[in-house]
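Residue-level structural notes
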Amino acid sequence: MELGRRQFFKLCTVGAAGATAATLGFAPAIANATQPRQYKLLRARETRNNCTYCSVGCGILMYSLGDGAKNAKSSIFHIEGDPDHPVSRGSLCPKGAGLLDYIHSDQRLKYPEYRAPGSDKWQRISWEEAIERIARLIKDDRDANFIEKNEKGVTVNRWLSTAMLASSAASNETGILDFYFARALGIVGLDCQARLCHGPTVSALAPSFGRGAMTNNWVDIKNANVVLVMGGNPAEAHPVGFKWAIEAKVRNGAKLIVVDPRFNRSAAVADLYSPIRAGSDVAFLMGVVNYLLSNDKIQHEYVRHYTNASLIVREDFGFDEGLFSGYDEAARKYDKSSWTYELDGDGFAKRDLSLTHPRCVFQLLKQHVSRYTPERVTQICGTPKDDFLEICRILGETSAPDRTATFLYALGWTQHTSGAQMIRGAAMIQLLLGNIGMSGGGINALRGHSNIQGYTDLGLLSTRLPGYMNLPTDQQTDLATYLAQSTPKALLPEQINYYKNTPKFFVSLMKDLWGDKATRENGWGFDWLPKWDRPYDMLAVQDLMTEGRINGYIVQGFNPLAAMPDKNKGVEALSRLKWMVVIDPLATETSTFWQNHGEPNDVDPAKIRTEVFRLPSSCFAEENGAIVNSGRWLQWHYAGAEPPGEAWHDGKIIGHLFMKVRELYQREGGVCPEPILNLNWNFRRPLDPEPEEVAKRANGYALADLYDDGGKLVARKGELLGDFSLLRDDGSTSSYCWVFAGSWTEAGNQMARRDNADTGLGCTPGWAFAWPQNRRILYNRASADPQGQPWDPARRILEWNGSRWVGCDVADFGASVPPGSATAPFIMLPEGLGRLFSTGALNEGPFPEHYEPIESPLAANPLHPKVSQNPTVRLYERDRARMGSRDEFPYVATTYSITELFRHWTKHSRLNAIIQPEQFVEIGEKLAAEKGIRAGDIVKVTTKRGYIKAKAVVTKRIKALQVDGQEIQQVGIPCHWGFEGTTRKGFLANTLTPGVGDANSQTPEYKAFLVNVEKV
Ligand code: SF4
């Protein structure tokens, strides 16, 4: 019997479940799988959870057996889509369909293990021994290397010789415990997966609109008239979320446009697909801006009243030959003081609502983009001119107030040296078209991992704090200085400028961190936070490791050897560590970097002295907690079973480690014990904190009776806060993450709500909790004109009822600020206006400019040959020497994900391994013919940093492009295989990628680099 791909999954998820892998593998016969099993669901326990892979956050129902009796272990035997879930409505993609095999993977870790220096094998150890020995390593290294004061005598309390990585799919509650643990120890080198994927999203969207998050939500995509997919491939990377783009096509007659180097599965269902050279997106997007301005395709009233087009820029601002004013060549960075507005005597920006002043943002933008003609776009991008003009025309139609376009992007934009500026380009287009704040509009940053949004919100990045505050630098020597520099002043009169409340957010965080020990007298414990002096992002830490300046590495739910660029450098870096602790449910390549796996990891264990501890943890199906989907929904999930073997919950591991370290400091003393001893780790079960208790702390409490301005009691001492408007800067409130306030209130756990009633336009405010304040469409005040009339009556989100804004969503505005006021809709920005000119927020300029990738197939940037590449990119010497030239490596390569596999996780799931068992690369027919490569041949793909070998898929999907007078061939590198897992052994794709990142966030360049290809 022949089974199609869809039939295969249908059988696996609906009928055969527990037996899927065994019966649908390669033996005995696939026909066995066609015999559906009888399910005993009546005897099963049903538990609600969410898919652990991508950020669509599909709802799942897990069925487990085990009668709940003492010592009886439940086991999950069936998983299916949750039909009530408003986004997924019962659907699961091939990844979600394989979840059961992930839970029961034979790669799951079952007991703690230890690898001695120079050894080639693991030895089993007890939890007690593991915790004792790791705590001792932590204390000894911290005591030996902790820096209490810097060379200027400033208290900095940082510990740099050990770094930590947090997860991207564990719950918020695990992430919060990680933060407490790392920051109390003084670790600055704390990072999470967000560094490697959506860092540039925050860098670009926060200065554009005020928040660095997806503006709308998955279901709202259905309301669009045009869906532009660029810098992403949601049909494969977010398959269930993508059905809302199809819904827009089917129900709304929307045009779906895909621009991508490859004709991918999103392109296969598009109305218009056009190719582009990897790494040239800024030129394309600035070309669109030029088209919209030159052809008068902008939403005039929106641009005039809701963007900073009318604000006057300082006279000394300029741009010439690829450089903005203020460039310091030696330092490779800008003095940004000229990149701002001209202010009046009251400190407000000067404005010209006629948009004719020669230095207003509108006129400067026109001038800046005038170089990006359709011909120039074609020259740089290789996109056919007719395609480009047709895309501009379709997008331009949405400048009408009653039409919207939505932009969907993901890593195809973020993972570039100019990633943040690509996203900025998209944000500017949407502002010009009047599509932000509108239903069916927005910039929808499609987050990757299931809780990468949450880990970003929680501040698990080296120089961040929760709720998008920054960790103080060692220039911010006291609380007053830090708050003064972190709290913006309004740049126009009557603006909400909500970040003016930063002191309330910060003091409430400090009260959460240090409890009663945080007092006004000690600056709320300000000194106990580590202060940073230079970047400690993952790329920086990896470089420090290769210099032998990092001794310890704690890696939780993360596989940096597979995720960091330049895998061979990664092995060198890990080999220089003294010790590493890996906490993971699965056997990752990071944990076995010291093992010889032949060509994919050809190392000599005897020469690697790193001690490695491998601690088995729970997976998503075995924990309670919340994860945050791409649409900012905090969704609570429940454990359906206990972790396997001796595995512990992540919180229990961190709890034991922290309490053991604290015990050592109590017993022995040591360097700077105060933050460890004073940390508010007063949990009911300190060795194993309960997620519910942690989640309530994230929401926050009233620490005293709270009264409003009119003297009315609004919260009693000890009550959970109802929302963040109750936060105070006088120590009378606590909240770990101010944007999560409202998620667990006196009314209960708002994240666990399951009312999927549609209040209009697909909005379901009764399902889970969306930050901030349960808003589902950000900046939604901009959906109506200044007088409060919706731009499009069919997309009415809000209306003014005479005293308040009401509607299908929560107003993202002062609820009682009436229409007609001067208050503008972008309430998080000090001018209240969406930014076409990003002032000094980004490192490489206030307007996006096209720069070539660091490894470019062109001799020079056609726009300005003397400044070919991003002038503010950080390139360590060790990495500079590992960059290849176009003579040696003539083809452009780009990495990507495929439908059936999720990053490096699903290779451990047998069902997914069956359908994509072996590594491949995609090569266009023309290049294959030139190289004598046929489909199925093994090819070697090489960069200056290393090589991979894989099967060749020869395809029509990648075409040669004409770029700047030369033919450019592109090669596609899926990134899912490695030397661990259930799939056939393969190479880590990041063996090829360069050690350089986005100039703002240091998110690595995975999408445009140079390779050579040979037949083996
Ligand atoms: S991988 Fe994403 S789209 Fe697929 S089932 Fe999981 S959450 Fe849904």
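Higher on the page you've got the structure.
Parameters and conventions
- Residues numbered from 1 in each chain as written.
- Predicted model: local features only at pLDDT ≥ 70, side-chain atom pairs only at ≥ 80, totals over all residues.
- Heavy atoms only, no water.
- Near = heavy atom within 4 Å.
- Helix = DSSP H or I, 4+ residues; strand = E, 2+ residues; numbered from the N terminus.
- Nonpolar A, V, L, I, M, F, W, Y, C, P; charged D, E, K, R; others polar.
- Salt bridge = Lys/Arg side-chain N within 4 Å of Asp/Glu carboxyl O.
- Buried < 20%, exposed > 50% of the residue type's maximum accessible area, 1.4 Å probe, protein only.
- Expected span 1.5 Å × (residues − 1).
- Pairing = 2+ DSSP bridges.
- Axes fitted to C-alpha atoms, helices over the stretch in contact; angles between N-to-C directions.
- Contact = heavy atoms within 4.5 Å.
- Phe/Tyr/Trp six-rings, centres within 6.5 Å; stacked < 30°, edge-to-face > 60°.
- Lys NZ or Arg CZ within 6 Å of the ring centre and 35° of its normal.
- Parallel < 35°, antiparallel > 145°, perpendicular 65-115°, else oblique.
- Left-handed = near helix turned anticlockwise from the far one by under 90°.
- Core = buried A, V, L, I, M, F, W, Y, C linked by side-chain atoms within 4.5 Å.
- Polar contact = N/O pair within 3.5 Å; in protein donor to acceptor, adjacent residues only side chain to side chain.

What to know about the site of the ligand
Neighbouring the ligand are the residues C51, Y53, C54, V56, G57, C58, L92, C93, K95, G96, P239 and V240. Elements represented by at least two residues in the shell around the ligand include exactly α3 (94-97) and α9 (239-252). Its residues placed into classes, the shell around the ligand shows nine nonpolar, two polar and one charged.

Quick notes on the pattern of salt bridges
Enumeration over the complete set of coordinates arrives at 59 salt bridges. Where K569 meets D879, a salt bridge forms, and the shortest distance between an N and an O atom there is 2.9 Å. Residue K569 is located in helix α23 (residues 567-575), and its partner D879 is located in helix α27 (residues 877-880); the two are separated by 310 residues in the primary sequence. In this structure K569 comes out as buried when scored by relative accessible area, which is 2%. Between E967 and K926 there is a salt bridge, with the nearest N and O atoms lying 2.6 Å from each other. With E967 in strand β40 (residues 966-968) and K926 in helix α29 (residues 925-931), this residue pair connects regions lying 41 residues apart in the sequence. We classify E967 as partly exposed; its relative accessible area is 34%. The class of K926 is partly exposed, set by a relative accessible area of 43%. Through salt bridges with shared partners, one network takes in E236, R262, R265, E900, E922 and R957.

Here's the deal with helix α6 (residues 172-185)
With 14 residues, α6 should reach 20 Å at 1.5 Å per residue; the first-to-last C-alpha distance of 20 Å fits that figure. The buried fraction of α6 amounts to 14 of the 14 residues, a majority that puts the element mostly inside the structure. Just past α6, the residue G186 takes up positive phi, approximately 95°.

Focus: the sheet that holds strand β2 (residues 59-65)
With antiparallel pairing, three strands are arranged side by side in an open sheet as β1-β2-β3. A strand with exactly one partner marks an edge of an open sheet, and here the two such strands are β1 (45-50) and β3 (75-81). Put simply, the sheet's adjacent strands are angled 30° from each other on average, direction ignored.

A few points about the side chain of S105
Tracing the chain through its elements places S105 in the loop between α4 (99-103) and β4 (113-115). S105 sits in the buried class, given a relative accessible area of 5%. Setting aside chain neighbours within four positions, we find S105 in contact with L586 and H908.

Quick look at the sheet that holds strand β18 (residues 443-445)
Spatially, five strands are ordered β12-β11-β10-β17-β18 in an open sheet, and the strand pairing comes out parallel. Single-partner strands in this sheet number two, and they are β12 (272-274) and β18. Geometrically, the sheet is characterised by an average inter-axis angle of 15° between neighbouring strands, direction not taken into account. Examined bridge by bridge, strand β10 (residues 226-230) and strand β17 (residues 405-409) share four bridges and lie parallel to one another. Of the residues in β17, the one forming a bridge with L228 is F407. Across the face of the sheet, helix α17 (residues 419-433) comes into contact with β17 and β18 while running at roughly 170° to β17.

A short note on the packing of aromatic side chains
The tally for this structure, following the rule as stated, stands at 49 aromatic pairs. A centroid spacing of 6.0 Å and a plane angle of 75° characterise the contact between Y306 and W791, whose relative ring orientation is edge-to-face. With Y306 in helix α12 (residues 300-306) and W791 in the loop between β32 (769-770) and β33 (798-800), the pair connects residues that are 485 residues apart, well separated along the chain. When the ring of W800 is compared with that of W805, the centres are 5.5 Å apart and the planes differ by 65°; the resulting orientation is edge-to-face. Look at W805 and you get buried, because its relative accessible area is 6%. Aromatic rings pair up to connect F317, F319, F324, Y327, Y334, W339, F837 and F847 into one cluster. Here the basic side chain of R262 rests over the ring of Y896, its NZ or CZ set 3.5 Å away from the ring centre. The side chain of K940 reaches across the aromatic face of Y947, ending 4.3 Å from its centre.

Topic: the pairing of β2
When you tally the buried positions in β2, you get six out of seven residues, the bulk of the element. When β1 meets β2, the two strands line up antiparallel, connected through six bridges. When the bridges of β2 are listed, T47 appears paired with M62. Both β2 and β3 contribute to a ladder of six bridges, which runs antiparallel. In the sheet register, L61 faces β3, and the bridge partner there is E80.

Here we look at unusual backbone geometry
Between W771 and the following residue, P772, the backbone shows a cis peptide bond with an omega angle of -10°. Examined against the element boundaries, P772 turns out to sit in the loop between β32 and β33. Positive phi outside glycine occurs at L355, with the angle close to 60°. Assignment of secondary structure puts L355 in the loop between β16 (333-334) and α13 (361-369). The exposure class of L355 is buried, given its relative accessible area of 8%. Backbone geometry at D964 places phi at a positive 45°, although glycine is not the residue there. The topology assignment puts D964 in the loop between β39 (961-963) and β40. Look at D964 and you get partly exposed, because its relative accessible area is 31%.

Remarks on the environment of E329
Mapped onto the fold, E329 is located in the loop between β15 (327-328) and β16. C-alpha separation for the pair E329 and F620, spaced 291 residues apart in sequence, amounts to 48 Å.

Observations concerning the packing of helix α14 (residues 374-381) against helix α15 (residues 385-397)
It is at 9 Å that the axes of α14 and α15 come closest, and there the two elements cross at 120°. Taken together, α14 and α15 sit at an angle that is classed as oblique. Here α14 runs over α15; the crossing is right-handed. Taken together, the residues of α15 that come into contact with α14 (itself represented by P374, E375, V377 and T378) are K385, F388 and L389. Of the residues in the contact of α14 with α15, the class split is four nonpolar, one polar and two charged.

With respect to the nonpolar core
Formed by 144 residues in total, the largest nonpolar core has its most connected members in F506, Y553 and W738. With eight residues, the top contributor of residues to this core is α6. Non-local contacts of F506, meaning those with residues more than four positions away in its chain, are made with L465, M469, L479, Y482, L483, F526 and L529. Grouped together as the second largest cluster of nonpolar side chains are 85 residues, L395, A427, M438 and A782 included.

Some details on the packing of helix α19 (residues 479-486) against helix α20 (residues 502-514)
In the contact formed by α19 and α20, the axes pass within 9 Å of each other and the chain directions differ by 135°. Judged by the inter-axis angle, α19 sits oblique to α20. Between α19 and α20 the crossing geometry is right-handed. Only T502, P503 and F506 of α20 make contact with α19, whose side of the interface consists of L479, Y482, L483 and S486. Class assignment for the residues of the contact of α19 with α20 results in five nonpolar, two polar and no charged.

Section: the environment of G279
The residue G279 is located in the loop between β12 and α11 (281-294) in this model. Taking the C-alpha atoms as reference points, G279 and F920, separated by 641 residues in sequence, lie 22 Å from one another. For G279, the residues in contact, after removing those within four places along its chain, are H416, M422, H850, Y851, P853 and A1008.

Describing the environment of K243
In this fold, K243 is placed in helix α9. Measuring from C-alpha to C-alpha, the distance between K243 and N264 comes to 16 Å, with 21 residues separating the pair along the chain. Discounting chain neighbours no more than four positions away, the residues touching K243 are V87, S88, R89 and S91. Of note is the side chain of K243, whose polar atom sits 2.7 Å from the backbone oxygen of S88.

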